[in-house]
Amino acid sequence: MTENKKPVVRFAPSPTGYLHIGGARTALFNWLFAKATGGTFLLRIEDTDRERSTPEAVEAILNGMAWMGLDWDGQTVYQFARAGRHRAVAQQLLAEGKAYRCFATPAELDEMRAAQKAAGKPMKYDGRWRDRDPAEGGDKPYVVRIKGRDTGTTVVNDVVLGDVVFQNDQLDDMILLRSDGTPTYMLAVVVDDHDMGVTHVIRGADHLNNAARQLQIIEAMGWPVPVYAHVPLIHGPDGAKLSKRHGALAVEAYREMGYLPETMRNYLLRLGWSHGDDEIISTAQAIQWFNLENIGKSPARMDFKKLDNLNGHYIRETADYTLTAEIVALLARQTPPHVLTEPARERLTKAMPGLKERAKTLVELSSAADFLYTDGPRALDAAAEKVLTPDARSTLARTLPVLEATDWSSQALETAARSFAEANGLKLGGVAQPLRAAITGKTTSPPLFEVMALLGREESLIRLRAFAG
RNA sequence: GGUCCCAUCGUCUAGCGGUUAGGACGCGGCCCUCUCAAGGCUGAAACCCGGGUUCGAUUCCCGGUGGGACCGCCA
């Protein structure tokens, strides 16, 4: 009697490619909804297309989910393994007269569609075998089609879009079983969602039209109808469909670009869902707040500037040693791999408070910190090259003896630099910028004197002497 | 072409009949400052168009326009 009324949701990607940003958001919404309601989040791999499904894609999806921090309940369901069950449902429908055999060949159907298009008619299966005696087909191959209602309407009650009404005569009799006896996606989703006890179907809006068709099967089987929530799609920065042209669509590509999983969760959540004016929303907070009602109805575009800004925020919130570990891992993945010495790691961690304040991505953080994990005179970047004019180099040369005579602490170095600047009628910047260029090879860095103190007297002087002229 | 969905600053969005139309990113200015960030203050920036309904429409209805999705023996 104590029936479990907790929601059951699922993410059901097809393993024909990597986990892209839209799929990741769908997965996130499902995950969040399950967490928020104390429900169950299931993962089902829709691999009924044997031609296009690959183990590599399954791997990529699983890795993407793991990186995003989205874990699911129970075993991963592989849809193709359930083909027998799908077939049985189709047979039952056939036996009950709610489905029928269609002997039309693919070539014949192509011809039909071409003719419809030429005549400016809607392209749909014309039901040519709907009321025909299957005996006429003889022993030729056939597909099994649903015998849908051809009058009245089918209404999809969608939580985000409202009631969406379809005229049944617009819906054609879709294929349940292919001529080789394998189930199609339309049949498989419905059967699996039912068997898995799915109560809420949260998926991309590209499935909205399918919902009406799937409802026909659900109705024919007399099964309960799940709650639908079709989430508007994500477009590229130019408003067009998200495509490979925009690059960096796989969730793993975002990792390679140096974005943090918590950034992705926050960004993706806000792309299409809102909670008043809140922008920075931790995952824990999202679990408290998430609901289906606040999902927006309109499609959204990716905005990398905002993603960067958010990532900067989460980088600043991340512990210094964690960031060091990320950089170490990132450098190890590089070709050729760069392995950091223990002292280098220590310097990195110590400098991290100043470093992370300035970075938008892990990649940026890593390159901005290169002067801490490689020794010797710097290779100047273009801006630093411009700073180190002959004039600047001579200032550098004159500063050198002053620094050499100074106690090597951040405080003392700054004091020395300040009095030197004052004595020479320079601003502190006039002295500091050449120093910074020589020390870091860049024109921007964490506070210079802290950096110098961290690097130590020996290493700092080596770098300074290389450019003192 | 058919069906369906969508429409507030450049972008993400709040708004749920009466608001100086709010926030965030980005952009400009100022402050802070050894650089760059971060932070603070501040400025410019939007209700797609046309009809209704209403005392009153960004908000409700209809039409148009503009985007988008789907129309496979793919999922």
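Residues numbered from 1 in each chain as written. Chains lettered and ligands numbered in written order. Predicted model: local features only at pLDDT ≥ 70, side-chain atom pairs only at ≥ 80, totals over all residues. Heavy atoms only, no water.

Chemist: Hey, could you run me through the environment of Gly222 in this one?
Modeler: Tracing the backbone through its elements, the reader meets Gly222 in the loop between α6 (208-221) and β10 (227-231). Taking C-alpha positions, Gly222 is 72 Å from Leu380, a pair spaced 158 residues apart along the chain. (Helix = DSSP H or I, 4+ residues; strand = E, 2+ residues; numbered from the N terminus.)

Chemist: What's the story with the protein's contact with RNA strand B in this structure? I'm lost.
Modeler: Taken together, 64 residues sit near RNA strand B, with Arg178, Glu279, Arg358, Arg418 and Arg436 positioned nearest. Note that a base nitrogen of RNA strand B is positioned 2.2 Å from one of the side-chain N or O atoms of Arg358. Listed by contribution, the elements that provide at least two residues to the surface near RNA strand B are α4 (106-118), β7 (162-167), α5 (185-195), α6, β12 (300-301), α10 (304-317) and α18 (428-440). Sorting elements by how many residues they give to the surface near RNA strand B places α18 first, with five residues. The residue inventory of the surface near RNA strand B, partitioned by class, reads 23 nonpolar, 20 polar and 21 charged. (Near = heavy atom within 4 Å. Polar contact = N/O pair within 3.5 Å; in protein donor to acceptor, adjacent residues only side chain to side chain. Nonpolar A, V, L, I, M, F, W, Y, C, P; charged D, E, K, R; others polar.)

Chemist: Which parts of the structure should I look at to understand the nonpolar core?
Modeler: Within soluble globular proteins, side chains that are nonpolar generally end up buried alongside one another. Ranked by size, the top nonpolar core spans 92 residues in total, and within it Phe29, Met65, Leu269, Phe290, Leu348, Met452 and Leu464 carry the most contacts. Considering every element that reaches this core, the biggest residue donor is helix α1 (residues 21-37), with nine residues. Core analysis: the next-biggest nonpolar cluster, separate from the first, contains 34 residues, Val156, Leu171, Leu177 and Trp223 among them. (Core = buried A, V, L, I, M, F, W, Y, C linked by side-chain atoms within 4.5 Å. Buried < 20%, exposed > 50% of the residue type's maximum accessible area, 1.4 Å probe, protein only.)

Chemist: Sorry if this is basic, but what is going on with the sheet that holds strand β4 (residues 99-102) here?
Modeler: Where strands meet in a sheet, backbone hydrogen bonds hold them as pairs that are either parallel or antiparallel. Strand order in the open sheet made by the three strands is β4-β5-β8, with antiparallel pairing throughout. The sheet is open, and its two edges are formed by β4 and β8 (175-177), each paired on a single side. In this sheet, neighbouring strand axes are inclined to one another by 45° on average, regardless of whether the strands run parallel or antiparallel. As paired elements, β4 and strand β5 (residues 143-146) share four bridges and run antiparallel to each other. Considered in β5, the bridge of Arg101 is made with Val144. (Pairing = 2+ DSSP bridges. Axes fitted to C-alpha atoms, helices over the stretch in contact; angles between N-to-C directions.)

Chemist: Mind showing me how you'd approach the sheet that holds strand β3 (residues 77-78) here?
Modeler: Taken in spatial order, the three strands line up as β1-β2-β3 in an open sheet, and their pairing is parallel. In this open sheet, the two edge strands, each paired with only one partner strand, are β1 (8-11) and β3. Here strand β2 (residues 40-45) runs beside β3; their pairing, made up of two bridges, is parallel. Within β3, the residue paired with Ile45 across the bridge is Tyr78. Each of β1, β2 and β3 touches helix α2 (residues 55-68); the most contacted strand, β2, lies at about 160° to it. (Contact = heavy atoms within 4.5 Å.)

Chemist: Sorry if this is basic, but what is going on with the packing of aromatic side chains here?
Modeler: Aromatic rings in a pair are described by how distant their centres are and how their planes are angled relative to each other. Inspection of the entire model under this criterion finds six aromatic pairs. Centroid distance Phe103 to Tyr142: 5.3 Å. Interplanar angle 55°. Geometry classified as tilted. Highlighted residues: Phe103 in the loop between β4 and α4 and Tyr142 in the loop between α4 and β5, separated in sequence by 39 residues. Relative accessible area serves as the criterion here: at 4%, Phe103 is assigned to the buried category. Taking the relative accessible area as the measure of exposure, Tyr142 reaches 31% and is therefore partly exposed. Centre to centre, the rings of Tyr254 and Tyr259 are 6.0 Å apart; their planes meet at 50°, and the pair counts as tilted. Assessed through its relative accessible area of 1%, Tyr254 is described here as buried. (Phe/Tyr/Trp six-rings, centres within 6.5 Å; stacked < 30°, edge-to-face > 60°.)

Chemist: I would appreciate a short explanation of unusual backbone geometry in the present structure.
Modeler: What is expected of a backbone is that most residues other than glycine have negative phi and most peptide bonds are trans. Each neighbour pair has its own omega, and for Thr335 with Pro336 the value is -5°, a cis peptide bond. With respect to the secondary-structure elements, Pro336 resides in the loop between α11 (320-333) and α12 (342-356).

Chemist: What is the right way to look at the confidence of the model for chain A in this model?
Modeler: Regions with low pLDDT should not have their predicted coordinates read in detail. Chain-level pLDDT for chain A is 93 on average; 97% of the residues reach the 70-or-more range. Mean pLDDT per element in chain A: α4 is the minimum at 87, and β1 is the maximum at 98. Interface confidence for the predicted complex, given as ipTM, is 0.95, next to a pTM of 0.94. (pLDDT = per-residue confidence, 0-100.)

Chemist: Looking at this structure, how should I read α6?
Modeler: Note on helix geometry: an α-helix contains 3.6 residues per turn, so any two residues three or four positions apart are oriented the same way. Spanning 14 residues, α6 covers 20 Å between terminal C-alpha atoms, matching the ideal 20 Å at 1.5 Å per step. Of all 14 residues making up α6, eleven are buried, and the element is well covered by its neighbours. Of the positions making up α6, those classed as buried are Leu208, Asn210, Ala211, Ala212, Gln214, Leu215, Gln216, Ile217, Ile218, Ala220 and Met221. Count one or two residues on from α6 and you reach Gly222, which has phi positive near 70°. (Expected span 1.5 Å × (residues − 1).)

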